[in-house]
Amino acid sequence: MDIHTEMTAPPLSGGLDPAQAREAADAVRNAIYRATILLDSQKWDEWLALCDESFVYDIKAWSPEINYDMTYLHGSRKDLEALIRLLPKHNTDHSPLTRHTTVYTVDVSDDGATATAVSAFIVFQHLLDGTNSHIDSGESRLFLVGKYYDTFRIENGRALFTSRETRLENRRLDKGSHWPI
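Computed from a predicted model, the values in this text were never measured in an experiment.

Asks: How would you sum up the packing of aromatic side chains? Please name residues and give values.
Replies: In the structure shown here, the tally under the stated rule is six aromatic pairs. Judged by centre distance (5.8 Å) and plane angle (80°), the rings of W47 and Y57 are edge-to-face. Pair noted here: W47 is in helix 3 (residues 44-48) and Y57 is in strand 1 (residues 51-63), with a separation of ten residues, a long-range link. The pair formed by W47 and Y57 is uniform in burial state, with each residue classed as buried. Relative to F161, the ring of F55 has its centre 6.4 Å away and its plane inclined at 75°; by these criteria the two rings are edge-to-face. Within this pair, whereas F55 is found in strand 1, its partner F161 is found in strand 6 (residues 158-168), the two being separated by 106 residues in sequence.

Asks: Help me get a handle on helix 4 (residues 77-86), residues and values and all.
Replies: Along helix 4, the positions that sit buried rather than exposed are R77, L80, L83 and I84. In an axial view of helix 4, the angular spread of the buried residues amounts to 115°, which keeps them on one side of the axis. Exposed positions of helix 4 whose direction lies more than 90 degrees from the buried face are K78 and R85.

Asks: Run through the side chain of S119, naming residues and quoting values.
Replies: As for its position among the elements, S119 is in strand 4 (residues 114-126). With residues near it in sequence (within four places) discarded, S119 still touches I32, T101, T102, V103, Y104, G146, K147 and Y148.

The rules behind each value
Residues numbered from 1 in each chain as written. Predicted model: local features only at pLDDT ≥ 70, side-chain atom pairs only at ≥ 80, totals over all residues. Heavy atoms only, no water. Phe/Tyr/Trp six-rings, centres within 6.5 Å; stacked < 30°, edge-to-face > 60°. Helix = DSSP H or I, 4+ residues; strand = E, 2+ residues; numbered from the N terminus. Buried < 20%, exposed > 50% of the residue type's maximum accessible area, 1.4 Å probe, protein only. Arc of directions from axis to C-beta. Contact = heavy atoms within 4.5 Å.

Here's what the structure looks like:
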């Protein structure tokens, strides 16, 4: 089957037609990239607006030393609302974080109501201060590397996060790690 035939073929029984599947996948990608921009800008409330009321957020890393997942953060949307209200009171050096996110896969359910996605991310920290601020100030450093495992509810062409599992390759977190990643 050539690509043109495949893209215009009728949907499988109970499935979405290819145009609907593409629209749903685009909505998911848009939500992921928009979340990245909002997190970079520290627009926490706008980021939360991309999340369903049932949203659950996790930050985890595998530890080969203990042969177990370490959980750095587990919270509901309500928990994150409380965390975000406290962010101005946290001890931080105020070095901004910049994320680079690449969406690898988007899988839309047959009914088009839900989707899952896997994305890779890299987070850079741009130092404003530090132990040796006269030396470090203005430097950018690799802060975190990992993958996002997201689930979505899709309604009226809009994808809302229902969960995000942030899987870190790093196991040591520094200042700024209390922020949503």
